[in-house]
Structures are given as C-alpha cells and as structure tokens.
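Descriptive structure summary
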Amino acid sequence: MPVHVYASHANVSSARCLPAEACPLAVLPPVPACACPRLTEIFPPDFVFEMVPSPTSASPDDSCCIVGDLAFKKTYPALFGLYRNNFLPPSFQVVGYARSHLELEEFKRRITSRIKFHNEKEKELLPLFLDRCTYVSGQYDQAESYQKLAAFVQSVEGAVKGERHRIFYMALPPSVFAQASKGLKDHVYTTTGSNRIIVEKPFGKDTASSHELGRLIAANWHEDEIYRIDHYLGKEMVKNLMVLRFANVFFGAVWNRFYIHNVQITFKEPIGTEGRGGYFDEFGIIRDIMQNHLLQILTIVAMEKPVTLDAEDVRNEKVKVLRAISPLKLEDTLLGQYTASADGKEPGYLDDPTVPKGSVTPTFAAAVFHINSERWDGVPFILKCGKALNEQKTEVRIQFQDVAGNIYKDLTRNELVIRVQPQEAVYMKFMNKQPGLSNSATISELDLSYHKRYSDVKIPDAYESLILDALKGDKSNFVRDDELDAAWKIFTPLLHRIEGEKIKPEPYTFGTRGPASLNDFVEKHGYERNQGYTWTPARI
C-alpha cells in the first residue's frame, strides 16, 4: 500500500488525502479562497466568498501536510479536481510515500493515467499540477523509513515562519495499522501545529476487532484528531438529504410513521468480484457495503433535526438512531450468492479462482431494520445490496401510506426517490388525472434530474468533496468512535451466526435482480411494487 504527502505554504483552507492504489502519504496546506490570485481572474471584485473556519491556520507563514492512500485511483484525481477549480493554493506540493520503488516519471505517468479531462484547458493545467508531485519510498514498520519521510516532508515544506500543520491518511491493511499509526506519531507528527489522521475502512470485522483497532490508534492519537472516512458521506445526493429534510417544510410535516409506510435503501452493482474474490471473501457484502455505506444513509434519513449543523450535533443525532436499532436476526435477512450468467459469459462467484472452494460468503444481502422511536415505530427500513446484479444503482426510496378512504381505482402509493448514483435525481411518484376526457388517475412524477436542472454544474467526486471537508475541519461527514461502535453492535451477532453456522446463501444468476425470493421478502415487510411503472431520467 502506498502513501502520499502534500505540502505547501499557501493560505487557502482546502486539502486532505484519501486512499490510493500505489501510495499512502500526502501533504498540503490550507488557504482562504479569496487569497488565491487565480480566483480574482474568474470572479468579479465584489463577489462574496463564503469563508469556512479552517482546521489549520490561514496564515501564509504556515504550512500544512496531508498523508493518505488510494492516490492513483481516487486521491490524485480529486486533488487535481480541486486544483483546476482553484481550491488549492499555487504553492502546494504533493509527496507520495509507499513501499514500492518507483521512478518519479513512472509515478507521474500513473497519476496521469487516472485523471480525466473535460476540456483542453484542463489538459494544459496537468503539467503544472504534476510539477508539484514527488515521491519517496519506505517501509511501514521501520523507524528509519518514517525518519526519512519526516526529513523529506520538512524539506518540501521549506523554511516555515509559522506553524507546520499535518494531516495523515491511512488506508492500510489492519496488519500494519498499529505500526503505521505509531510510526507517523513518533516521527512525522508536528509539534508546532495541528495534526489529523484520516482512517479508511475496514474499521474491523466485528465489535471486538473494531475495538482493538480503536485501541491501537487511540494509543497514539486523540479522538478529535481522528477522521474515519466513509466516502458515501461525500456523495452529492447523500449530502443533500439533510437539506431536503430540514429545509423544506412539507417534507418535515410528513417525515414520520403516520405518513411513511416503509423505506428502502438500495445498492446495486453490475459487476462481480473480477479476480478480487479472495479479498472480498474475507469480508462479504454485509461488511463491505451494508454495515457502513447503507447504514450511514439510513441514519441521515431517520435522524432528528440537529440543534445546529456543527459536526458533533449532527453526529449525536446519528448515534441516537443507531442505538435505537435492535441487533439484526437471521430471520430479518435474505442472503444470496451469484452464479454464472445465463449465457455463460460471466463466471459465478465460486468460479473465481481467488475464492475459497465451497465459500458461503454472501454477495447479496437484504435486511429489515426497525427503529424503536416515536417517529419510526412500526416503519420497516429495508436495506439491499449486491454484486453481479442487473444494473448499477444506489437510491433511497421512501414509500408513503395508502390513501385513506380511497375513491379511485388502481391507486399506487406515493414515493419519494433520491437517486444517489448514477444520474443523480430527486423525483416524486404521485397520482395525476389521465389527460383527456377520462377521469381516471394515472401514475406520474415530479422530476428533479440533476443533469437537466444543473446541466452547467459539475458534481464533484465524493473524495474531492471530503478532501475539502477535512481541510475545513468539518467532521460531520466522518464517523465518530461511538457511532462506529453502535453500528457494529447491530451486525455482530448476525455475522457471527452466519459464519459460525455456515449459513448457505440463495443462488442467483449473474445479471438478474438478485435471489428469486427477493420480491417476497420486501413484500413481506410492506413494500408494494408497481410493475407497470419505470422511471426514465428527464432528457435535455
């Protein structure tokens, strides 16, 4: 696993590093947007910038260093996205750190291969961005490597009149977690500024292992320095959930058990493990998707309005939701595992040579959650996730109650759908008069498709958004320790039973909607499916 380091002495608050494929350490400084001369060329002199408090100093005399992983795949494209939109200071530097021995030109070539351009002007910016990128190799378990890294970071930072602020990113296997966190603390931790460590999942495999990882990092880092990242919290439509809920009076009025019949949160992926089955088999779909991404969305859908938008107020409400959910039971779940496609072109899960023979690890899971609260008593929250399905889709589907005293035939329940990806949208399914001479009711929709309504706006990648959040010191989109603990308590008994009793999942064909019993499962828990309606994204 590689590491990246971004360094700079600008005065704009925007930086942080995320997981990468070939590099885990990075360094970069924060700077107020209005201080960047390039912005003044784009915005008029009277344009008002919204200033957000920075976790680091806004002084041009200070520097900031960020350390992270997943750079080639996610971090560098995200940083380049911020750079091309003028959210990074002109003097920033990026230093990659990993065990791999890479020549600088090869390092830059790998960065370039992951960056997508939207126009020729962006291509012209890439050489300027790459000029700020350098690389150094080292080990995760040797003090000498961290001493070398510390010296290199200091050389990149140069002479700093003010403070040295550093952000560390760890997307590392648990086997080196303790060594890396200690090495960074002992040798690269700054004593003349702020420090922050960003931790990528997996956050353990159950309650006990999560506690152990937490103990290891807490031995060197304070909770207020720890940022546990779930990239789904950086997605545009997930961030939009709180605005939809708490900034619209009509949603607030019906957001409860009296009007909502059930809630579905769905993650669908059309690809299988594609040679990564060995890694996936160790965790399974419940740990990989449901316990973190989907559960995080559930907490935002179900939480009470926070007192303020302060990170701790927001996370307090999310924890209350998790604590109100009873541990899952096997009878509350449906497990599946994909087989080869009908045409034989796509292999089944057990056909993957990296998957242990006879594995019963689920590649599909559906589960129903019940929240013991006045707002949600009796409302089932159905979470579904799977690989090798018929499409790629992540959405929240809120189905409302039946119309009381109905006087029309063939009514369909109203639904509010928040499409997280792809084709971000918010649409409401409702009944409307059939146009013409008929008085019958027909299903239609109010559709806010982002690619149509906001055609001139580029929606940032989740990592790009979270990098900015971390640089601003906004922890509301990061997972707190008690939040993590409450989440694992919901899943641990179920996971131990599935693995202890080797519960066999129901087979389903690659490219289908999932196990054949899925419809019966969701209908048993109250969802009413309309077979004759399919939402089609609005066209420009």
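Note that the coordinates shown come from a computational prediction; the quantities given were computed from them, not determined experimentally.

**Quick look at the packing of helix 10 (residues 277-302) against helix 11 (residues 311-323)**
When two helices pack together, their arrangement is given by the angle between the helix axes and the distance between those axes. Remark: helix 10 packs on helix 11, axes separated minimally by 9 Å, with the N-to-C direction vectors making an angle of 105°. The pairing of helix 10 with helix 11 is recorded here as roughly perpendicular in orientation. Between helix 10, through Leu 295, Gln 296, Leu 298, Thr 299 and Ala 302, and helix 11, the contact on the second element is made entirely by Lys 318, Val 321 and Leu 322. Of the residues belonging to the contact of helix 10 with helix 11, the class tally is five nonpolar, two polar and one charged.

**Quick word on the pattern of salt bridges**
Counted under the stated rule, the structure contains 26 salt bridges. For Arg 413, the salt bridge identified is with Asp 402, shortest N-O distance 3.0 Å. Taken together, the residues Arg 413 in the loop between strand 12 (393-400) and strand 13 (415-421) and Asp 402 in the loop between strand 12 and strand 13 connect sequence positions eleven residues apart. Relative accessible area serves as the criterion here: at 9%, Arg 413 is assigned to the buried category. A relative accessible area of 47% means that Asp 402 is categorised as partly exposed. A cluster of three or more residues bridged by salt bridges with shared partners is formed by Lys 268, Glu 391, Lys 393, Glu 395, Arg 397, Glu 415 and Lys 429.

**Things to note about the side chain of Asp 469**
Topologically, Asp 469 is positioned in helix 13 (residues 462-472). Leave out the neighbours within four places in its chain, and Asp 469 touches Lys 239, Asp 474, Asn 477 and Phe 478.

**Describing the packing of aromatic side chains**
Aromatic rings considered in pairs are described by the distance between their centres and by the relative angle of their planes. Evaluation of the coordinates by the stated rule reveals 22 aromatic pairs. A ring pair is formed by Tyr 76 and Phe 129, whose centres lie 6.5 Å apart and whose planes are at 80°; its orientation type is edge-to-face. With Tyr 76 in helix 2 (residues 71-84) and Phe 129 in helix 4 (residues 120-130), the pair connects residues that are 53 residues apart, well separated along the chain. Phe 129 matches Tyr 76 in its accessibility class, with the two residues each being buried. Pairwise contacts between aromatic rings join Tyr 76, Phe 80, Tyr 83, Phe 107, Phe 117, Phe 129 and Tyr 135 into one cluster. The ring of Tyr 189 is capped by Lys 185, whose NZ or CZ atom sits 4.8 Å from the centre of that ring. A cation over a ring is seen here: Lys 205 above Phe 283, with NZ or CZ 5.8 Å from the ring centre.

**Remarks on the confidence of the model for the chain**
Across the chain, the average pLDDT comes to 82, with 84% of residues at or above 70. Segment residues 1-58: pLDDT under 50, and 294 contacts once partners within four positions in sequence are set aside and those in other chains are kept.

**Focus: helix 13**
Burial runs high along helix 13: ten of the eleven residues are buried. Where helix 13 is concerned, the buried positions are Ala 462, Tyr 463, Glu 464, Ser 465, Leu 466, Ile 467, Leu 468, Asp 469, Ala 470 and Leu 471. Where helix 13 starts, the residue carrying a side-chain oxygen 2.8 Å from the main-chain nitrogen of Tyr 463 turns out to be Asp 461. Of the residues one or two after helix 13, Gly 473 is the one with positive phi, at around 80°.

**Quick notes on helix 10**
The largest bend along helix 10 measures about 90° and falls at Gly 284. Counted residue by residue, helix 10 has 22 buried out of 26 residues, so it is predominantly covered.

**Considering empty space enclosed by the protein**
Summed over the entire model, instances satisfying the criterion amount to three cavities of 30 Å³ or more. Size it by volume and the largest cavity reaches roughly 110 Å³. Phe 203, Asp 230, Gln 291, Asn 292, Leu 295, Gln 296, Thr 299, Leu 322, Val 479, Glu 483, Leu 484 and Ala 487 together form the lining of the largest cavity. Among the elements of the structure, helix 10 and helix 14 (481-500) are those that each provide at least two residues to the lining of the largest cavity. Per-element accounting of the lining of the largest cavity gives the leading share, five residues, to helix 10. When grouped by side-chain class, the residues that make up the lining of the largest cavity number six nonpolar, four polar and two charged. By volume, the second largest cavity is sized at about 60 Å³. Together, Lys 201, Pro 202, Phe 203, Gly 204, Arg 287, Gln 291, Asn 292, Leu 484 and Trp 488 line the second largest cavity. Elements with a contribution of two residues or more to the lining of the second largest cavity: helix 10 and helix 14.

Procedures and definitions
- Residues numbered from 1 in each chain as written.
- Predicted model: local features only at pLDDT ≥ 70, side-chain atom pairs only at ≥ 80, totals over all residues.
- Heavy atoms only, no water.
- Axes fitted to C-alpha atoms, helices over the stretch in contact; angles between N-to-C directions.
- Helix = DSSP H or I, 4+ residues; strand = E, 2+ residues; numbered from the N terminus.
- Parallel < 35°, antiparallel > 145°, perpendicular 65-115°, else oblique.
- Contact = heavy atoms within 4.5 Å.
- Nonpolar A, V, L, I, M, F, W, Y, C, P; charged D, E, K, R; others polar.
- Salt bridge = Lys/Arg side-chain N within 4 Å of Asp/Glu carboxyl O.
- Buried < 20%, exposed > 50% of the residue type's maximum accessible area, 1.4 Å probe, protein only.
- Phe/Tyr/Trp six-rings, centres within 6.5 Å; stacked < 30°, edge-to-face > 60°.
- Lys NZ or Arg CZ within 6 Å of the ring centre and 35° of its normal.
- pLDDT = per-residue confidence, 0-100.
- Polar contact = N/O pair within 3.5 Å; in protein donor to acceptor, adjacent residues only side chain to side chain.
- Bend = angle between axes of the 7 residues up to and from the residue.
- 1 Å grid on protein atoms, 1.4 Å probe; cavity = no way out; pocket = protein on both sides within 12 Å on 5 of 7 lines; lining within 4 Å.
- Points joined across faces, edges and corners; volume = space filled by probe spheres on them.

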